[in-house]
Amino acid sequence: MGNKKRVEHELDSKGVKKLTEDEIKIILRGADDLIMSGGRAMLAKILGGSKDKKLLDLELDYSPVYGSFKGETQKEILAKIDWVILNHYLDIEYDGRLPLLVFTDKGWKIERETYAVELLYKLIEASENLEYEFVETLKDRNRGLILLLLDKVVKTQNKDLIPILQAWQMIDYKKLKVRIQEVMDILEKEGSSLREGKNDVLSFEANKKWLSIPETFRKQIEKNVWCSSCCDAVQIVNYTVKEKKEGILLHGECRKCGNEVVRVVD
Ligand SMILES: [Zn+2]
């Protein structure tokens, strides 16, 4: 007990001379889900798309790079991983007796960029699908990663991201709230909305559907829209009606505070 021998490991890049930038990014992205929790062998299985039971139990098949090196042998993949370690993008640290993967500063710089782009796409998708609960997954992430993500949000100049940013601002910590506010202010001032105009073709159909709902019900719906700023059910005013795959979308303002509010009617 306690003094079990360390699991030894030997790094061997087996003559691999150089990996492409993409290969390095893929290996680092795969390693991200294993930092201080898994080692080289598991990483090789992820990249090879293995059906290993432990891998599936840990849901590592959800990694965006799962199976990226399919067709290559585990030995070949391991050699590439070892090349990445020997070139100081990743390192090995022991937790008790197990050799586990960690990022070096050099590797993390690359991975942070990859992951921030991935999160940006997820944020845009969640915003379009009104899945604002996605922001919960952004809490307690590496601060550098999140700040990089917010820089990328600014670069989109996409005003439509403001509501999901508001939802995010409500749940995150004080320091980040300030930065999120800055980002929203920039988007408000300099951004443009892709929603405006683009959906005009659809809004005729959506309006027809909306008006087919009895007026008393429509009034009830209008008075029962969540405002993230008031933290209350409020009345929606100055709204437009659009079609969404989930139903009809009302997009307008809170009667009390003027904040942007949305409501899906299915
Ligand atoms: Zn309000």
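Quick note: structure is the one above.
In this report, the structure presented in the accompanying data block is examined. (Residues numbered from 1 in each chain as written. Predicted model: local features only at pLDDT ≥ 70, side-chain atom pairs only at ≥ 80, totals over all residues.)

1. Comments concerning the packing of helix α2 (residues 40–48) against helix α4 (residues 74–86)
Helix packing geometry: the angle between the two helix axes and the distance between the axes.
For step 1, the next point in the chain: Packing of α2 against α4 brings their axes to within 9 Å, and their N-to-C directions diverge by 120°. Crossing of α2 over α4 shows right-handed handedness. Contacts between α2 and α4 involve Arg-40, Leu-43, Ala-44, Leu-47 and Gly-48 from the first element and Gln-74, Ile-77, Leu-78 and Ile-81 from the second.
For step 2, the next point in the chain: Tallied by class, the residues present in the contact of α2 with α4 amount to six nonpolar, two polar and one charged. (Axes fitted to C-alpha atoms, helices over the stretch in contact; angles between N-to-C directions. Helix = DSSP H or I, 4+ residues; strand = E, 2+ residues; numbered from the N terminus. Left-handed = near helix turned anticlockwise from the far one by under 90°. Contact = placed C-beta atoms within 7 Å. Nonpolar A, V, L, I, M, F, W, Y, C, P; charged D, E, K, R; others polar.)

2. Notes on the sheet that holds strand β7 (residues 260–265)
For step 1, the next point in the chain: Read across the open sheet, the three strands follow the order β5-β6-β7; overall the sheet is antiparallel. With one partner strand each, in any of the chains shown, β5 (236–244) and β7 form the two edges of the open sheet. The average angle at which neighbouring strand axes cross in this sheet is 25°, direction not considered.
For step 2, the next point in the chain: As defined by bridge partners, β5 adjoins strand β6 (residues 247–254) across seven bridges and the pair is classed as antiparallel. By the bridge assignment, Val-237 is partnered in β6 with Glu-253. (Pairing = 2+ DSSP bridges.)

3. Thoughts on the environment of Glu-76
For step 1, the next point in the chain: Along the chain, Glu-76 falls in helix α4.
For step 2, the next point in the chain: Of the residues examined, Glu-76 has 15 C-beta atoms within 10 Å and is grouped as partly exposed.
For step 3, the next point in the chain: Taking the C-alpha atoms as reference, Glu-76 lies 43 Å from Leu-130; in sequence the two are 54 residues apart. (Buried ≥ 20, exposed ≤ 12 C-beta atoms within 10 Å, placed from the backbone.)

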